[in-house]
Amino acid sequence: YSDTEGRPGIPIRTAAALFIIQKFRGFSDREAVSQVRENRYIQYFCNVPDSSLPTFIHHSSLSRIRSRLGEEGAAVIESAVFAVLRESGVINGDCILMDSTVLPGNIAYPTDIGLICGAFEKMRLYAEDHGISLRQNEKELKELRREYNMNKDKSKTAEYLFEFAMIFSDAIRIFEEYAADFAGSEREKEEVGDLLTLLRRINEQNGQKIAGEKHIKNRIVSVSDPDMRPIRKGKSHPDCEFGTTVQMSFNRDGFMTGIENFIGNPGDAKIFGGAFGLFAERMKGIPVTVVTDSGYRSRSNIENLPPQTVNIFMGRSSDVTAEKRDFCKSARAATEGFIAAAKNLRGFGRSLYRWLKGHRIWSILCQTAYNLKKFLQLYFADKIKEESLIKLGLA
C-alpha cells in the first residue's frame, strides 16, 4: 500500500453512507452508484461533491470495500447509528422482545443430483485452471444428466443418484491425487484443501443418502454457500427454508436492538443467554421485562436472569401478574409483526451475500436501515420525545 501512488480511495464517510442508503432504499450495488450520480439528496447524504461525480466509483468497487470492511467494519457503522439513537433517548431498554427466524440464502431449490452437478462443475473449473484432466468424467456426467432430464419416471431417481455419485467419487479420486502433490503458494494450498474438504463432505453425504438416511446432520445444500442448511421453523408454508438462523431482539417500540447469525438451527433456548447479554451490553442496562415464545422456555433461562428483570413472559400467561399480562401478550404479538416487517420490507427476506460472514454483514447493514426506518416512522408520526429531538438537533 502507498498513500502517494495510485488512485485515491473513496472516503470512509462516503462508503458508510453508500451502504446505509443501499439497504435503506433496497438498491443493488449498480443502482446505488447510479443514484449517487442522479439524485441530489443522495449526493448530499453521501458527501459527494459535483467535481467527483464524473469519476465516481464503479459499482463493482462496493463488493471489494465490503470485503475490506468485513463484519467488524459493518458493525462499526451500525453501532454508530445505534449509539446516537440510544444516547438521545429514542431507544429505551425497559423491555426486550426476542425471536428467531430464517435468513434464506440466494440459491435455487437444492436437489441431491443438482448438488453433485454443481460440485463437479466447481471441481472441473478449478482442475481446468491447474491442468488436471477430468474429461472422461465430464463426458459421462453430461450424458447421464441428459438421460436423467429426459426421463419422466422419477421413481428411478435413487438409481440415477447412485450413478451420479459413482462418477463424482471417481473424479474426486483424480483430484485428490493432484492435491497430494500440489506445490503452489500457502494461500493456493489452503484453497485446494478447503475445496477438497467440501467435495469429500458432499461425497460422504451422497453415501448416506443412498443408504437411505433421511436426516443428515449438517447437510450441505449449496456448493457456492456451504454454510447454509435446511431449517424448519414450525411454519406450514414454507415448511423448510434454506439459509442461516438469525436471532433478533427488539424493544417495545420496535427498534432492533441486537442480531446474531448461526449456522443451522441451534434451538432458541440455547441462544437466549447470549441474546439477553447482548441486549444488556448495548442498552447499558438490564431490561425489566422479557417477552419471548415458549421455544426459549427452560428452567435455567428463567432462573439465571438477574433480579432487576421482574417480568418474565415465555409463552405462558401464568408467567406474569394479571396487571402485566395484557402488555406481555400485546408485546409478543408485536414481535411477530416486527419480524414480518424485517423480512418483507427491510431486506431480511433473502441474503445476497455468501458464507456466514457474508450473511452477518448483510444482517448488520439491514439492521442499520431498519432502525433508521423505524426512527423516521416515529418521527413523522410525532411520537419522538421533544428532549430526544433536541439532542439530535431536530427541534
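Structural data are supplied above this passage.
These remarks concern the structure in this document.

Definitions and cut-offs
Residues numbered from 1 in each chain as written. Predicted model: local features only at pLDDT ≥ 70, side-chain atom pairs only at ≥ 80, totals over all residues. Heavy atoms only, no water. Helix = DSSP H or I, 4+ residues; strand = E, 2+ residues; numbered from the N terminus. Expected span 1.5 Å × (residues − 1). Buried < 20%, exposed > 50% of the residue type's maximum accessible area, 1.4 Å probe, protein only. Contact = heavy atoms within 4.5 Å. Pairing = 2+ DSSP bridges. 1 Å grid on protein atoms, 1.4 Å probe; cavity = no way out; pocket = protein on both sides within 12 Å on 5 of 7 lines; lining within 4 Å. Points joined across faces, edges and corners; volume = space filled by probe spheres on them. Axes fitted to C-alpha atoms, helices over the stretch in contact; angles between N-to-C directions. Parallel < 35°, antiparallel > 145°, perpendicular 65-115°, else oblique. Left-handed = near helix turned anticlockwise from the far one by under 90°. Nonpolar A, V, L, I, M, F, W, Y, C, P; charged D, E, K, R; others polar. Salt bridge = Lys/Arg side-chain N within 4 Å of Asp/Glu carboxyl O. Patch = residues over 30% accessible without salt bridge, like charges linked within 9 Å, V, L, I, M, F, W, Y side chains within 5 Å. Areas by Shrake-Rupley, 256 points an atom, 1.4 Å probe, with all protein chains shown as cover. Lys, Arg positive; Asp, Glu negative; His and termini not counted. Charge placed at Lys NZ, Arg CZ, Asp CG, Glu CD. Phe/Tyr/Trp six-rings, centres within 6.5 Å; stacked < 30°, edge-to-face > 60°.

A separate point is helix α8 (residues 186–210). A rise of 1.5 Å per residue sets the reference length of α8, with its 25 residues, at 36 Å; its end C-alpha atoms lie 36 Å apart and thus fit the reference within 8%. Those residues of α8 that sit buried are V192, L195, L196, L198, L199, I202, Q205 and N206. Among the structural elements, α5 (112–129) and α7 (157–180) are those in contact with the buried residues of α8. Looking one or two residues beyond α8, the residue adopting positive phi is G212, at roughly 100°.

What follows deals with the pairing of strand β1 (residues 95–104). By the criterion of burial, β1 is predominantly enclosed, with 10 of the 10 residues buried. Where β1 meets strand β5 (residues 289–292), 3 bridges bridge the pair, whose relative direction is parallel. Pairing of L97 across the sheet is with V291, part of β5.

Applying the stated criterion to the full structure yields 1 cavity of 30 Å³ or more. Lining the largest cavity, in full, are F19, R66, L69, G70, G73, A74, I77, I361 and L365. Secondary-structure elements contributing two or more residues to the lining of the largest cavity are α4 (61–87) and α12 (355–380). Take the lining of the largest cavity: its biggest share by element is 6 residues, from α4.

Turning to the packing of helix α6 (residues 135–150) against α7, a few remarks are in order. Direction vectors running N to C along α6 and α7 enclose 165°, while the axes themselves pass 10 Å from each other. Relative to α7, α6 is oriented roughly antiparallel. Relative to α7, α6 is oriented so that their crossing is left-handed. On the side of α6, the interface is formed by N137, E140, L141, L144, R145, E147 and Y148, while α7 contributes T157, Y160, E163, F164, I167, D170, A171 and I174. By residue class, the composition of the contact of α6 with α7 is 8 nonpolar, 2 polar and 5 charged.

Counting across every chain of the model gives 21 salt bridges. Residue D319 is joined to R297 by a salt bridge in which the shortest nitrogen-to-oxygen separation is 2.7 Å. Remark: R297 occurs in the loop between β5 and α10 (299–303) and D319 occurs in the loop between β6 (311–314) and α11 (322–345); sequence separation between them is 22 residues. Connected via shared salt-bridge partners are E121, R124, E128, E138 and K142.

Turning to unusual backbone geometry, a few remarks are in order. A positive phi angle, close to 60°, is found at N47, a residue other than glycine. With respect to the helices and strands, N47 occurs in the loop between α3 (40–45) and α4. For N218, which is not a glycine, the phi torsion comes out positive at approximately 55°.

A separate point is the pairing of β6. What you see with β6 is no split at all: N311 and F313 on one side and I312 and M314 on the other are buried throughout. Here β5 pairs with β6 via 4 bridges, running parallel. By the bridge assignment, V291 is partnered in β6 with F313.

This part takes up the layout of surface pockets. By volume, the largest pocket is sized at about 830 Å³. Looking at the largest pocket, it is lined by 28 residues, and the ones nearest its centre are R13, I20, F45, V81 and L372. Classifying every residue of the lining of the largest pocket by side-chain character gives 23 nonpolar, 2 polar and 3 charged. Approximately 690 Å³ is the volume found for the second largest pocket. K214, R219, P230, C240 and F242 are the residues nearest the centre of the second largest pocket, which is lined by 30 residues in total. Mapped onto the lining of the second largest pocket, the elements with two or more residues apiece are α5, α7, α8 and β2 (229–231). Broken down by class, the residue content of the lining of the second largest pocket amounts to 15 nonpolar, 7 polar and 8 charged.

Our focus in this paragraph is a negative patch on the surface. Side chains of E147, D153, E159 and E163 sit close together on the surface and give a patch of like negative charge. Among the secondary structure elements, E147 is positioned in helix α6. Note on E147: relative accessible area 44%, which makes it partly exposed.

This part takes up the packing of aromatic side chains. If you walk through the whole model with that rule in mind, you get 11 aromatic pairs. An angle of 45° between the planes, with centres 5.4 Å apart, marks the rings of F250 and F338 as tilted. One end of the pair, F250, is in strand β3 (residues 241–250); the other, F338, is in helix α11, with 88 residues separating them in the sequence. For F250, a relative accessible area of 0% corresponds to the buried category. Taking the relative accessible area as the measure of exposure, F338 reaches 12% and is therefore buried.

Right, let's get into the side chain of T14. Its place among the elements puts T14 in helix α1 (residues 12–25). On the accessibility criterion, T14 (3% relative accessible area) is buried. When residues no more than four places from it in sequence are discounted, the contact partners of T14 are C46, N47, V48 and F56.

Turning our eyes to something else, we now look at a nonpolar patch on the surface. Nonpolar side chains collect at one region of the surface, where F162, M166 and I210 lie side by side and expose about 280 Å² of accessible area between them. For F162, the position within the fold is in helix α7.

Honestly, that's just the spatial picture; any functional story needs more than this.
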